Amino acid sequence: MLTKFETKSNRVKGLSFHSKRPWILASLHSGVIQLWDYRMGTLIDRFDEHDGPVRGVHFHKSQPLFVSGGDDYKIKVWNYKLHRCLFTLLGHLDYIRTVQFHHEYPWIVSASDDQTIRIWNWQSRTCISVLTGHNHYVMCASFHPKEDLVVSASLDQTVRVWDIGALRKKTVSPADDILRLSQMNTDFFGGVDAVVKYVLEGHDRGVNWASFHPTLPLIVSGADDRQVKIWRMNDTKAWEVDTLRGHMNNVSCVLFHARQDIIVSNSEDKSIRVWDATKRTGLQTFRREHDRFWILAAHPEMNLLAAGHDSGMIVFKLERERPAFSVSGDSVFYVKDRFLRVFEYSTQKDTQLIPIRRPGSSSLNQGPRTLSYSPTENAVLVCSDTDGGSYELYVIPRDSYGRGDMVQESKRGVGAAAVFVARNRFAVLEKSSNHVLVKNLKNEILKKSLLPIATDAIFYAGTGNLLCRAEDRVVIFDLQQRVVLGDLQTSFVRYAVWSQDMESVALLSKHSIVIADKKLVHRCTLHETIRVKSGAWDDNGVFIYTTLTHIKYCLPNGDSGIIKTLDVPVYVTKIYGNTIFCLDRDGKNRPIIIDSTEYIFKLSLLRKRYDQVMSMIKNSELCGQAMIAYLQQKGFPQVALYFVKDERTRFNLALESGNIEKALESAKKIDEKDYWYRLGVEALRQGNAGIVEYAYQKTKNFERLSFHYLITGNLEKLSKMMKIAEVKNDVMGQFHDALYLGDVRERVKILENAGHLPLAYITAAIHGLHDIAERLAADLGDNVPSVPAGKKASLLIPPSPVLCAGDWPLLMVSKGIFEGGLDDTGRGETEDYEEAADADWGEALDIGEVDNLQNGDISLVLEDEVVHEENDEEGGWDLEDLDLPPDAETPKTAAIGRSGVFVAPTPGMPVSQIWVQKSSLAAEHAAAGNFETAMRLLSRQLGIRNFTPLKSQFIDLHLGSHSYLRAFTSAPLISVAVERGWNESASPNVRSPPALVFNFSQLEEKLKAGYKATTAGKFSEALRQFLSILHTIPLIVVETRREVDEVKELIIIVKEYVLGLQMELKRRELKDNPVRQQVLAAYFTHCNLQLPHLRLALLNAMTVCFKAQNLSTAANFARRLLETNPSNENQARTARQVLQAAEKNMKDATQLNYDFRNPFVVCGATYVPIYRGQKDITCPYCSTHFVPSQQGQLCTVCELAGIGADASGLLCSPSQIR
């Protein structure tokens, strides 16, 4: 017996399973009805309105109802959703033994000690029939599952079968008046709508239970004579077929199993017995120590049974339903109905291979438990629990595929478990001696090894290795060397699932999953409340597993989630992409299509594959609070921003990620004081003066606003604030503003108006406003205060601010790696660029010109034309070359000559030398002034050959990391090292790495400036900015691994732009070669550009090709342009016109070296396409592709590295070295 759930309570007299949900009702001798969830093991509800024991209870098949009958003579109908009794049916005159709903009609049948059976209509709430005939207590009554019959059992030693066909006809409403008349008569003179069909006599004592077979015309009954009898019936008569003897006391309940050919009975002798219904012999007995059994219930849909006893109830299964299977390559071998079958995933073809021997004994649970398959020898080991554990070895003949009826001779043996450990060797566990035997395919023992722990099961763990399971741990045991390779404490492991590459293993217990590597080093543990059933690894290293109710995933870091809900349990065998192949309990292979977006997204975040993350955000529907909470918890609030529709959440996320523009957008929509206040605080922290001012204005916080104008030096607005204060009659605010402005007359006026005449007089007198002072003195009369003599007065005025206009750089908010890619949506800047920039990219195309086009040169507006001046900061700082003589080393302090009197202390090691020794980062060597080693490092790491562009950076780094002090006139300068991240608490003896003048956020500024220049068509300027980024990156140092990835990503972004812009500038020089012009314009569209730039490039290429009469190619560009959904209507309109014009004549006037269907990269030197599969070489630094003939040349894109040189890769963070 496989116990699934057990409760402790008062004696259980009635049980009923819910047909759909995992619920069971138990009615108790104490008068309480309990509703349990047997999967979760929790009590959901209790109902206690009955007085005295409740003996019968039953769920309705489809409505949220159940019925109960008790010793208080009442039948109650309950609604479990409303948690209350709907109504009570009264009529019985003694204890009610059983109640049951009809499966189709609104009827309830009840049996009672008043010797009657009643049928009730629960919709009209009336009794519609009384079945009389028994002459003792009626112990049970139930409807036939299909026909119009009722069976009842009574202590009068009979079982009766009643025909209720007439009742059904009456319910279905009589057809005419004659019938209605006859019906009235019957109602007056005693009904005949239920008649006794058979009376079954044969028991010697009172009968406690009788029930129908679900499909066959059989009845089974159990009685106080300790016998179980089987009866058969036909249309005219019924007769006894057989008697099952074995119970030692009254048989209290008996029923046919719905799925298997067995009878289950229980008794007051404290046992449950299982009988074979065809052979009519006992199969198995389950006993309890002290509890008599009273009731049995079978689940209407599943293989579950429940039994109620003196101190509670148990929910159990008789046999395991998990099919034995083994996955090998593209197929799964499994056992179904005594046959070994194989299912191929690719073709989804299912083949019967060979029959498998039936177990000799007739007891339960003897079917195959596990399978192990050796693909090279085509051999299968089938293990079962027969004879306390045994195995059978079958070799499948190659030609039997598809035949499947040839009986195979099998080699048998005894052992708790058997698995293949090599091509033609398998291991058998001998539990008694704790040995493992290694055998060959002839079933001969080759080797015997003692196991290191008391093992009760073995699993495969790679060739020659075994995973041995004990009660509380697992070990990996090497059979060759007889050593333990790994050891892990776990709860009792039931299955082990290895990943495809044998690098990871998932150990499945009943309620937990432990994931470990091949040496059993623990990675993560998951706990589940609902039982874990199976699992498999997908190609991305995510473990997908099933519980009874769900398919779930587990990421390598232990994060898990639900993929899909299941109606029935399934066992995962294999995962291909979005398809999970499963075996269900009937042994059918089912492909289940899942949506893997959520876990692939989380995995990409975990693995820092930000390109995938971005494309998924743009293309998929990954919404929901759970995803936002996950991103926030993992430290990606800036990504969460793109999922949120709710403005308040959006505002909070924007503040958290420092995205002040997004926060401002949300604050405008929310428009509440509290939000404006919080926005002001964050803007102040970031030094964004404009938004601070705006937020203070919105909250009408005039004091803060005045102070803000004071520190930003905005005196004009400060004087406005003074006027506002005057209007609002805020005297103190007005006075403060006058103080800030140094406006003495205003101050005197305020004091005078406020009635502070003495103060007003002193203020006027001291500041030399004599006319006002005299007027005030006249008003004061004798109370003129005396001004202290001999003091020199000066006007109090706040110091003028260091920075007057614009924002001040208090805090650099580093833009996340996602900002660039994600801000396509609602990025004000870009959209503005797009509108402004069209003109500067190329001539507008007039479709009308098509007919009289010559292949002449295409005049383009070049970037030297004046583009509207941009006043905002261009971003990126241009490092001027400091024309220092190369040998301008900072002078060293001269060593003091020794004299007899004074011995100078030996000089310590210079800081620069410590920096060089401790670091392998080129930037830190350059900062230390050791240019030689810095160049060597760059050459080794990035293959850099040409250091000319880096010279000014080297010098800046060196100068920026030192400061120079003059001690006194004749002494040389003292050089002081400036260290990174220094603070007061730092130890004076520990040297931090040098402070560097270049940092990553500056590059992001330059990137923006480059984007801006590109959009505006200033290609030379943009190229300068992008090259400047490429020349600075080798000397950047960042802290975390995440930033290292961002730097590497930046190289790729910039490299694409440099290559594209170089081609575009080259194209503009070629006035007399239209074919080459078209080709270069086409290649430009294949560089990985931001969407607005890609649209402009496509527009450009389309125009060039169209004018050259290459209509088919132009149409391709127009199509690609429309696919990007251009926000500029002009672009879309032009593209549609080109498509219309091209459809009339889909030809190209000239042949171009350009095939857009075949993926290619462009050579950075010769600008020719290198199609997939062709040989190429790359630049070790910027990874641009080149044709092989360029080997050894200087890279034309980054202008630094030698093409094809060996290099170890970019090293820009101490975290890469640890």
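Residues numbered from 1 in each chain as written. Predicted model: local features only at pLDDT ≥ 70, side-chain atom pairs only at ≥ 80, totals over all residues. Heavy atoms only, no water.

Looking at an unreviewed UniProt entry, the protein carries the name Coatomer subunit alpha, with the source organism given as Sesamum indicum. Under the heading Subunit (unreviewed entry), UniProt records this for the protein: "Oligomeric complex that consists of at least the alpha, beta, beta', gamma, delta, epsilon and zeta subunits." (UniProt positions renumbered as here; feature names shortened; annotations may be inferred.)

1. Digging into the nonpolar core
Core analysis: the largest hydrophobic core is formed by 94 residues, its most contacted members being Leu938, Phe1026, Leu1030, Tyr1181 and Cys1198. No other element matches helix H25 (residues 1041–1069), which puts 11 residues into this core. Apart from the residues lying within four places of it in its own chain, the contact partners of Leu938 are Ala922, Gly943, Ile944, Phe947, Leu950, Phe954, Pro1034 and Leu1035. If you look at the next biggest cluster of nonpolar residues, it comprises 58 residues, including Phe17, Trp275, Ala297 and Ala307. (Core = buried A, V, L, I, M, F, W, Y, C linked by side-chain atoms within 4.5 Å. Buried < 20%, exposed > 50% of the residue type's maximum accessible area, 1.4 Å probe, protein only. Helix = DSSP H or I, 4+ residues; strand = E, 2+ residues; numbered from the N terminus. Contact = heavy atoms within 4.5 Å.)

2. A word on empty space enclosed by the protein
Summed over the entire model, instances satisfying the criterion amount to 4 cavities of 30 Å³ or more. Considering only enclosed or pocket space, the largest cavity measures out at about 130 Å³ in volume. If you go around the largest cavity, you meet 13 residues; those closest to its centre are Met302, Leu304, Arg531, Leu548 and Arg585. Its residues assigned to classes, the lining of the largest cavity shows 5 nonpolar, 1 polar and 7 charged. (1 Å grid on protein atoms, 1.4 Å probe; cavity = no way out; pocket = protein on both sides within 12 Å on 5 of 7 lines; lining within 4 Å. Points joined across faces, edges and corners; volume = space filled by probe spheres on them. Nonpolar A, V, L, I, M, F, W, Y, C, P; charged D, E, K, R; others polar.)

3. Regarding the packing of helix H23 (residues 1000–1015) against helix H24 (residues 1019–1032)
In contact at an axis separation of 8 Å, H23 and H24 are set at 160° when each is read in the N-to-C sense. What the angle tells us is that H23 and H24 run roughly antiparallel. The handedness of the crossing between H23 and H24 comes out as left-handed. Note on element contacts: H24 touches H23 through Phe1019, Glu1021, Ala1022, Gln1025, Phe1026, Ser1028, Ile1029 and Thr1032, opposite Leu1003, Lys1006, Leu1007, Ala1009, Gly1010, Tyr1011, Ala1013 and Thr1014. (Axes fitted to C-alpha atoms, helices over the stretch in contact; angles between N-to-C directions. Parallel < 35°, antiparallel > 145°, perpendicular 65-115°, else oblique. Left-handed = near helix turned anticlockwise from the far one by under 90°.)

4. Re the UniProt feature "repeat: WD" (unreviewed entry) in the protein
As annotated by UniProt and renumbered to match this structure, "repeat: WD" (unreviewed entry) occupies residues 47–88, 89–130, 131–164, 200–241 and 244–285. Note that residues 131–164 is 0% helix and 59% strand, and that its end C-alpha atoms are spaced 10 Å apart.

5. Some details on the pairing of strand E22 (residues 251–256)
In terms of residue burial, E22 counts as a mostly covered element, since 6 of its 6 residues are buried. For E22 and strand E23 (residues 262–267), the ladder comprises 5 bridges, and the chain directions are antiparallel. Residue pairing for E23: Leu255 is matched across the bridge by Val264. Hairpin connection between E22 and E23: a loop of 5 residues separates the two successive antiparallel strands. (Pairing = 2+ DSSP bridges.)

6. Notes on the side chain of His50
Its location among the elements puts His50 in the loop between strand E5 (42–47) and strand E6 (54–59). Overall, the relative accessible area of 7% leaves His50 in the buried class. Only 2.7 Å separates the side chain of His50 from the side chain of Ser68, close enough to count as a polar contact. Within the structure, the side chain of His50 is placed 3.1 Å from the side chain of Asp72, a separation counted as a polar contact. Contacts of His50, omitting those with residues within four sequence positions, involve Gly31, Ile33, Ser68, Gly69, Gly70, Asp72, Lys74, Lys76 and Trp78. (Polar contact = N/O pair within 3.5 Å; in protein donor to acceptor, adjacent residues only side chain to side chain.)

7. Some thoughts on the state of the cysteines
Considering all chains together, one arrives at 0 disulfides under this definition. Distance from the sulfur of Cys140, which forms no disulfide, to the nearest cysteine sulfur (Cys253) is 7.7 Å. (Disulfide = S-S within 2.5 Å.)

8. Let's talk about the packing of aromatic side chains
This model, assessed by the stated rule, comprises 34 aromatic pairs. Taking 3.9 Å as the distance between ring centres and 25° as the angle between the ring planes, the aromatic pair formed by Phe333 and Tyr373 counts as stacked. Pair noted here: Phe333 is in strand E30 (residues 331–336) and Tyr373 is in strand E33 (residues 368–374), with a separation of 40 residues, a long-range link. Note on Phe333: relative accessible area 2%, which makes it buried. (Phe/Tyr/Trp six-rings, centres within 6.5 Å; stacked < 30°, edge-to-face > 60°.)

9. Regarding the environment of Leu520
Here Leu520 shows up in the loop between strand E47 (512–517) and strand E48 (522–527). According to the relative accessible area criterion, Leu520 is buried, its value standing at 2%. Here the alpha-carbon distance between Leu520 and Glu503, two residues 17 residues apart in the chain, equals 9.9 Å. Ignoring anything within four residues of it in the chain, the contact list for Leu520 reads Leu467, Val474, Val475, Ile476, Gly486, Asp487, Leu488 and Val505.

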